[in-house]
Amino acid sequence: MPYKRITLTHFLLQEQRRLGRSGVFTALMTDILTACKMVSHEVNRGALVGNHGVAGSENVQGEEQKKLDVLANDIFLHMNALGGNYAAMASEELEDVHAVHGTAEGRYLLLFDPLDGSSNIDVNISVGSIFSILRLPEGADASKADAFLQPGVQQVCAGYALYGSSTMLVLTTGSGVHGFTLDRDVGMFFLTHPHMTIPADTKEFAINASRARFWEPPVKRYVDECLAGKEGPRGKDFNMRWVASMVAEVHRILVRGGVFMYPKDVENAKKGGKLRLMYEANPMAFIIEQAGGAATTGTERIMEVQPTDLHQRIAVILGSKNEVELIESYHKG
Ligand code: AHM
Ligand code: MG
């Protein structure tokens, strides 16, 4: 019965009582939820209101910004400053830390990729927002990047919004992964996917195969063995997917298993990889691990990497546990 559903806010309050926590997660999530609903609305209106196309600017990483990258970033910055929970924010679209000035004393730091997979906007394929929340260390200056340079194991909450055929919000506060679907008429996220878990084994992998000529031997070996199918060493046929929206790939893995790879290769090695550690790899690694999966660079657990730069890039291999461990063993052995 639809009216017996529970909202995301009610879910957080229930979890708070069950785990004997303070109400902090409800407060931390409130403004993020509003921001995601607003971004969802803008993505959905698309070309009707001129939201497609490029903004005519570049971000700190030298990437062309789309109009929706800029709009989503502004929405996140504005909405998350209102509640007074965050001392500062950092974004894929901003070179420097954005300190929140106000009367309230924010004790948390928010990192986000306001619109991930933005090459998909104009072709109307799923995009998403990714966020990660850290505590402001005692005595740290929130306006300096150093305050943010904490390994992923320190995250208190992480999640993403997926703007797909329906809009979903998936999050973890460190006790499992739960998914909520936006009811546009009511304007609320309702719990639809409690306790999301990833099967340990899979027959599906995701990688941008156009980069095969740059792959390092362990990745090449793994993909070759998958492609060999039943007759190869894996003894089974594999399926391949590539959406070019990490949020959509991670969501697919949470729903039906699989493995996602954006490895370091000989071409992107000088940058450290493609995806960003602080607001892409870490929050996704937290979610994947909480759902029973694994997330590695190939040689080390992503969440244990000590960041040295706000916009640092890193190799990402995540998903079904046995598969990720196999790929890791190829890197180590
Ligand atoms: P973005 O944050 O600029 O959108 O880039 C990140 C995206 C990921 O969502 C996706 O996995 C990857 O870039 C796709 O890369 P490629 O264009 O090489 O397929
Ligand atoms: Mg991104």
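Cut-offs applied
Residues numbered from 1 in each chain as written. Chains lettered and ligands numbered in written order. Predicted model: local features only at pLDDT ≥ 70, side-chain atom pairs only at ≥ 80, totals over all residues. Helix = DSSP H or I, 4+ residues; strand = E, 2+ residues; numbered from the N terminus. Rg over C-alpha atoms; globule rule 2.2 N^0.38 Å. Buried ≥ 20, exposed ≤ 12 C-beta atoms within 10 Å, placed from the backbone. Contact = placed C-beta atoms within 7 Å. Domains from an automatic or database assignment. Nonpolar A, V, L, I, M, F, W, Y, C, P; charged D, E, K, R; others polar. Expected span 1.5 Å × (residues − 1). Pairing = 2+ DSSP bridges. Axes fitted to C-alpha atoms, helices over the stretch in contact; angles between N-to-C directions.

To continue, consider the overall build of the chain. Each helix and strand in the chain was counted, giving seven helices and 17 strands. Taking 333 residues into account, the globule formula puts the C-alpha radius of gyration at 20 Å, and the chain, at 19 Å, falls close to it. Projected onto its principal axes, the C-alpha coordinates of the chain cover approximately 60 × 50 × 45 Å. Within the span of the chain, comprising 333 residues, buried residues form 45% of the whole. Across the chain, contacts joining residues at least 24 apart in sequence account for 63% of those joining residues at least 6 apart.

Further remarks concern the environment of Leu 134. Position of Leu 134 relative to the elements: it lies in strand β6 (residues 127–135). When near neighbours in sequence (up to four residues on either side) are disregarded, Leu 134 contacts Tyr 108, Leu 109, Phe 148, Gln 150, Gln 154, Gln 155 and Val 156.

Along its sequence, the chain is organised into domain 1 (8–195) and domain 2 (204–332). Computed from C-alpha atoms alone, the centre-to-centre distance between domain 1 and domain 2 is 23 Å. Listed as interface residues are 35 residues of domain 1 and, on the opposing side, 29 residues of domain 2. With five residues, the single largest contributor to the side of domain 1 that touches domain 2 is β6. Looking at the side of domain 1 that touches domain 2, its residues break down into 18 nonpolar, 14 polar and three charged.

The subject of this paragraph is helix α3 (residues 67–82). In this model α3 runs 23 Å from its N-terminal to its C-terminal C-alpha over 16 residues, within 8% of the 22 Å that 1.5 Å per residue would give. Among the residues of α3, Lys 67, Leu 68, Asp 69, Ala 72, Asn 73, Ile 75, Phe 76, Asn 80 and Ala 81 are the ones counted as buried. Tucked inside the fold, the buried residues of α3 contact α2 (24–45), β1 (54–58), β2 (64–66), β3 (86–91), β5 (108–116) and β6. Where α3 ends, the next residue or the one after it, Gly 84, has phi of about 75°, a positive value.

Another point: the sheet that holds strand β15 (residues 294–296). One open sheet holds the five strands; their spatial order is β12-β11-β13-β17-β15, and the pairing between them is mixed. The sheet terminates laterally at β12 (239–241) and β15, the two strands that pair on one side only. With direction set aside, neighbouring strand axes in the sheet form an average angle of 15°. Bridge count for strand β13 (residues 259–262) against strand β17 (residues 316–319) is four bridges, and the pairing is antiparallel. Residue pairing in the sheet places Phe 260 in a bridge with Leu 318 of β17. On the sheet, helix α5 (residues 246–256) packs against β11 (204–206), β12, β13 and β17 and is oriented at approximately 155° with respect to β13.

A word on the pairing of β17. A two-sided burial pattern is seen for β17, the buried positions comprising Val 316 and Leu 318 on one face and Ile 317 and Gly 319 on the other. In this sheet, β17 lies alongside β15 in antiparallel orientation, the contact comprising three bridges. The partner of Ala 295 across the bridge, within β17, is Leu 318.

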